[in-house]
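A look at the structure
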Amino acid sequence: MTETRLPAQARVVIIGGGIVGCSVAYHLSKLGWSDVLLLEQGRLSSGTTWHAAGLVGQLRSQSSMTRLIRYSTELYASLEAETGLATGWKRCGSVSVARTQDRMTQLRRTISAARAQGVEIEELSAREAGERWPPMRTDDLVGGVWLPGDGKANPSDITQALARGARLGGAIIREKIRVTGIETAKGRVKAVVTDQGRVACEALVICAGQWSRVVGAMCGVSIPLHSAEHMYIVTGKIAGVTPDLPVMRDPDGYTYYKEEVGGLVMGGFEPDAKPWGMDGIPYPFEFQLLPDDWDQFAILMENALERVPALETAEIKTFLNGPESFTPDNNFLLGEAPEVEGVFVGAGFNSMGIASAGGAGRALAEWIVAGEPTSDLWPVDIRRFANFNNNSTWLKDRVKETLGLHYAMPWPNRELDSARPFRRSPLYDRLAAKGAVFGSKMGWERANYFARTLEERTIRYSFGPQNWFETVAAEHRACREAAGLVDMSSFAKFILHGPEAESALQRLAANDVAVPVGTSVYTALLNERGTFESDVTAARLDADTYLILTGTAQATRDAHWIRRHLPGGVTLTDVTSAYSVLALAGPQAPEILARVTGLSFDAASFPPNAIRQITLGYATGWACHRSYIGDGFELYVPAEFTVAVYDALHAAGADLGLLDVGYYAVDSLRIEKGFRAWGRELTPDVNPYEAGLGFAVKLDKGDFLGRRALSTQKAAPRTKRLIALVGPQLESQMAWGGEAILADGKPVGEITSAGFGATVGGIVALGWAESDGAPIDQAWLAARQWAIDLAGVAVPVTVSLAAPLDRPKSRA
């Protein structure tokens, strides 16, 4: 007899029986956690999984995400032997084609990134692309690429195979059970309430697809996703379509194609998507589709007829319109929710769930078991968002654009246009009136640069120097030669307070933060593996209080990490919106501040790393001798005084060459100085010694998170190092990040950050290099010829462990 009664408790409860939920259950069982209960409100795969197209493309812009998908392909290939159930996995390869020169440049940049990440790839001419994919018209193509490791699979079959594997490992799977509530106590999950009873649990995993946002709301967890309609057709048999036909993508036409029973599945990602479910997702909604919408599908069909003329006479057997969930940035949501301990999320897969599910399920299972991520998951970490990102009106407007990002041209520095402006600093109107061209980060509108002409008011995207190139170079030079002022109010800011604040921060920080009042310290926050969780500045305001500054995008993540390690009696308060940050840098910065305050700001009077409370006109704020862009100061000003302080600084610096400066210049300035950035150079996959930040580690200060691992790492040979690269600027190409680093013609790593360094007059970049086991030092670097692969062109560069301008150091 089939067991239908729910257990009274389970160590882990998973909500959602799609491919992701079943993958988490499978991998938990593989890690020895057999007390797992998976609940599905319908039948396994009946939500979104069953109507997914099943494409598996392994290359992603972040190497950590590529690794997840490459694991998925390995898993899908082996599941049948383990479980006895076929998955439909076929390593058929994929062809992507270019209709324009710009798209071909992008594909060549993809080749460079693939070489850096170790993914097999080959450039194709238009003729060769046609030979790989015979049904395609090629006379209008520039070329293409071939990825032999890509493939396709049957989503429902994979789900059933994963479910069987989970059951073999001891997991219990129950269908037709609806979750109606989630119980929490003292900030931790306690139980799941269903229409068939209550189940106590230690951990809860929400993998409920497009229902996840509603499920999260049951326990106060924000899961920012929104449904949109995703459509494709299935045709009858077409001449030239064989079972071995690769997957084909025509991103300029927004379309994809795969073989199915001698015909084609053709779908795509239109630029202006159609949101769905604004009034809630219906229940039940099991193996259901939405009505055909040929008007919405028209742009895809028209482009498909151009690419595959046989579609004009092919039989259309099926039109599928199935809703899927999309997130604000087109990356999925993974990890422990910051609001409630023990609640984990795997949702919002943006039509990439089949490719990602194997790796994502393993990564989430490891996080649950280990208590922290075991690899770099920042691109998909749910903590990259905050509660305000869960606004339904904002999400509806945003997903209209994010669905189309799959095949939109991935221009360097591309900004999303929808649902903006969102968060604005007190200076937004001032900066807009002065020609600021804004970008967005963590919802904040931030000036990228200040247009000097009407033409510059709109970014003209390209892979070479864009229309703001000379303007940003002028802003960059102002910060080196005169003075530049940057609105950095988006920096996340926290107050750490309590009688044990020092000891609590000492436990978290790799550097020594037991410093006198009035001193700031740059420090890494590490995990037990000795790798980065964040890097922050901690400024001691008084004996019991620190002001902590961290990156804009890290506000939720860092607050969650710090709070979970605090003892009782120590509090962390987010004061991001209460204070603005004005960064003033350049040789004239001390004189400008002296004119505004009547104080002396030379190095003798106001030494590096010092922080002091000062008056600036009518305002009272903090000045810190520290800068992310060179020698300068950061001013922490109450929000209501920001405009007055900004005006006073400009009045004082008008005759000293003071310029407003945007974030494009900030990036090139910090790269010249060798300053690392979280999410680029610094991730949970690297340690401070590899990153060249050993100066900010104090092993002798006492115990702290990661100290034991660091002691071993310090003594180990460094076969992976962060290096700085300088090269000539090309007229047609720029380095933007993601390019392969070549040593004697062979890929040894990839660029993490790059730009035009106006001070050095060429490309400046930071990136990782790995040896075949030999220790990397300056002599090892000097013994090789170095280049960057810029869209197929090997650009010679010089490399060093030191920054282009000076030795790497903190934000001082």
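Residues numbered from 1 in each chain as written. Predicted model: local features only at pLDDT ≥ 70, side-chain atom pairs only at ≥ 80, totals over all residues. Heavy atoms only, no water.

1. Re the packing of aromatic side chains
For the record, the criterion: Ring pairs shown here join Phe, Tyr and Trp side chains whose ring centres sit within 6.5 Å, with only the six-membered ring taken for Trp; geometry is labelled stacked below 30 degrees between planes, edge-to-face above 60, and tilted in between. Numbering goes from the N terminus for both helices and strands, where a helix is a DSSP run of H or I of at least four residues and a strand is a run of E of at least two. The cut-offs for exposure are 20% and 50% of the maximum accessible area for each residue type, with area from a 1.4 Å probe on protein chains only; residues under the lower value are buried, those over the upper are exposed, and the others partly exposed.
Applying the stated criterion across every chain, the model contains 24 aromatic pairs. With centroids separated by 5.6 Å and ring planes inclined at 55°, the aromatic side chains of tryptophan 133 and tyrosine 257 adopt a geometry described as tilted. Linking tryptophan 133 in the loop between α4 (126-132) and β6 (143-147) with tyrosine 257 in strand β14 (residues 255-260), this pair joins segments that are 124 residues apart in sequence. By the burial criterion, tryptophan 133 is buried, and tyrosine 257 matches it.

2. Side note on the pairing of strand β4 (residues 94-98)
Counted only if it meets this: When DSSP finds at least two bridges between two strands, those strands are taken to pair.
The buried fraction of β4 is high, at five of five residues. Every second residue of β4 is oriented toward a common face, with Ser94, Ser96 and Ala98 on one face and Val95 and Val97 on the other, all of them buried. Note: β4 against strand β13 (residues 247-250), three bridges, orientation parallel. Among the inter-strand pairings, serine 96 is bridged to a residue of β13, identified as arginine 249.

3. Points about the sheet that holds strand β22 (residues 483-487)
Put simply, the rule reads: For helices, the axis comes from a line fit to the C-alpha atoms of the stretch in contact; other axes are also lines fit to C-alpha atoms, and the angle between any two N-to-C directions lies between 0 and 180 degrees. Only heavy atoms matter for contacts: two residues are in contact if any of them lie within 4.5 Å across the pair.
Spatially, β29-β30-β31-β28-β22-β32 is the arrangement adopted by the six strands of the open sheet, whose pairing is mixed. Each having just a single partner strand, β29 (611-616) and β32 (658-660) make up the two edges of the open sheet. Taken pair by pair, the neighbouring strands of this sheet meet at an average axis angle of 25°, ignoring direction. Sheet analysis places strand β28 (residues 579-585) next to strand β31 (residues 632-638), joined by seven bridges and oriented antiparallel. Looking at the pairing, serine 580 lines up with valine 637 of β31. Here helix α11 (residues 469-481) sits on the sheet and contacts β22, β28 and β32; the angle it forms with β32, its principal contact strand, is near 140°.

4. A short note on the packing of helix α1 (residues 19-30) against helix α5 (residues 155-168)
Note the cut-off: Note that the term roughly parallel is reserved for angles under 35 degrees, roughly antiparallel for angles over 145, roughly perpendicular for angles of 65 to 115, and oblique for everything else. Two helices cross in a left-handed way if the nearer one is turned anticlockwise from the farther one by less than a right angle. They cross in a right-handed way if the turn is clockwise. Charged means Asp, Glu, Lys or Arg here, nonpolar means Ala, Val, Leu, Ile, Met, Phe, Trp, Tyr, Cys or Pro, and polar covers whatever is left, Gly included.
Where α1 contacts α5, the axes come no closer than 8 Å and their chain directions differ by 30°. The angle between α1 and α5 places the two elements in the roughly parallel class. The hand of the α1/α5 crossing is left-handed. Residues Ile19, Cys22, Ser23, Ala25, Tyr26 and Ser29 of α1 pack against Pro155, Ile158, Thr159, Leu162, Ala163, Gly165 and Ala166 of α5. Among the residues making up the contact of α1 with α5, the classes are represented as nine nonpolar, four polar and no charged.

5. Some details on the packing of α1 against helix α8 (residues 353-370)
Two elements in contact, α1 and α8, have axes separated by 8 Å at closest approach and are oriented at 40°. As the angle between them shows, α1 and α8 are arranged oblique. With respect to the hand of their crossing, α1 and α8 are arranged in right-handed fashion. Contacts between α1 and α8 pair Ile19, Val20, Ser23, Val24, His27 and Leu28 from the former with Gly353, Ile354, Ala357, Gly358, Gly361, Arg362, Leu364, Ala365, Ile368 and Val369 from the latter. Looking at the contact of α1 with α8, its residues break down into ten nonpolar, five polar and one charged.

6. So, the side chain of threonine 110
Tracing the backbone shows threonine 110 in helix α3 (residues 101-117). Contacts of threonine 110, omitting those with residues within four sequence positions, involve Leu59 and Ile121.

7. Looking at the layout of surface pockets
What counts is decided by this rule: Using protein atoms alone on a 1 Å grid, points that fit a 1.4 Å probe yet trap it form a cavity, whereas open point sets bounded by protein on both sides within 12 Å along at least five of seven lines form a pocket; residues with an atom within 4 Å of a point count as lining. Grid points are joined across faces, edges and corners, and a volume is the space filled by probe spheres set on the points.
Considered as a void within the structure, the second largest pocket measures approximately 700 Å³ in volume. Lining the second largest pocket are 39 residues, and of these Ala337, Pro338, Glu339, Thr556 and His560 lie nearest its centre. Where the lining of the second largest pocket is concerned, the elements lending two or more residues are β11 (197-206) and α13 (555-564). Sorting elements by how many residues they give to the lining of the second largest pocket places α13 first, with six residues. Across the lining of the second largest pocket, the residue classes tally to 17 nonpolar, eleven polar and eleven charged.

8. A few points about helix α16 (residues 663-672)
Of all the ten residues making up α16, ten are buried; the element is thus mostly covered by neighbouring parts of the structure. If you check which residues of α16 are buried, you get Tyr663, Tyr664, Ala665, Val666, Asp667, Ser668, Leu669, Arg670, Ile671 and Glu672. Those residues of α16 that are buried lie in contact with β21 (444-450), α11, β22, β35 (746-757) and β36 (762-770).

9. Some remarks on the pattern of salt bridges
Test applied: For salt bridges, the criterion is a side-chain nitrogen of Lys or Arg within 4 Å of an Asp or Glu carboxyl oxygen.
Applying the stated rule across the entire model yields 44 salt bridges. Aspartate 647 is the salt-bridge partner of arginine 430, the closest N and O atoms lying 2.5 Å from each other. On the criterion of sequence distance, the pair formed by arginine 430 in helix α10 (residues 428-433) and aspartate 647 in helix α15 (residues 642-653) is long-range, its members being 217 residues apart. Taken together, the shared-partner salt bridges connect Arg99, Asp140, Asp250, Glu306 and Arg307 into one network.

10. Concerning the sheet that holds β36
Spatially, six strands are ordered β33-β36-β35-β34-β37-β38 in a closed barrel, and the strand pairing comes out antiparallel. Averaged over neighbouring strand pairs, the angle between their axes works out to 40° when direction is ignored.

11. Quick word on the environment of serine 534
In this structure, serine 534 sits in strand β25 (residues 532-542). The exposure class assigned to serine 534 is buried, which follows from its relative accessible area of 1%. For the pair serine 534 and alanine 724, spaced 190 residues apart in the sequence, the C-alpha separation amounts to 21 Å. Setting aside anything within four residues of it in sequence, one finds serine 534 in contact with Ala524, Leu525, Thr550, Gln554, Asp558 and Trp678.

12. Points about the side chain of serine 771
Of note, serine 771 is situated in the loop between β36 and α18 (778-782). Judged by its relative accessible area of 17%, serine 771 is buried. Non-local contacts of serine 771, meaning those with residues more than four positions away in its chain, are made with Thr719, Ile776 and Trp780.

13. What about unusual backbone geometry?
The residue after tyrosine 283, namely proline 284, is reached through a cis peptide bond having omega -5°. Residue placement: proline 284 occurs in the loop between β16 (275-276) and α7 (294-307). Residues arginine 420 and proline 421 are joined by a peptide bond in cis, for which omega reads -5°. The residue proline 421 is located in the loop between α9 (392-402) and α10 in this model. One non-glycine residue, lysine 176, lies in positive phi territory at about 60°. Mapped onto the elements, lysine 176 comes out in the loop between β8 (172-175) and β9 (179-185). A positive phi angle, close to 55°, is found at aspartate 744, a residue other than glycine. With respect to the helices and strands, the residue aspartate 744 is situated in the loop between β34 (740-743) and β35.

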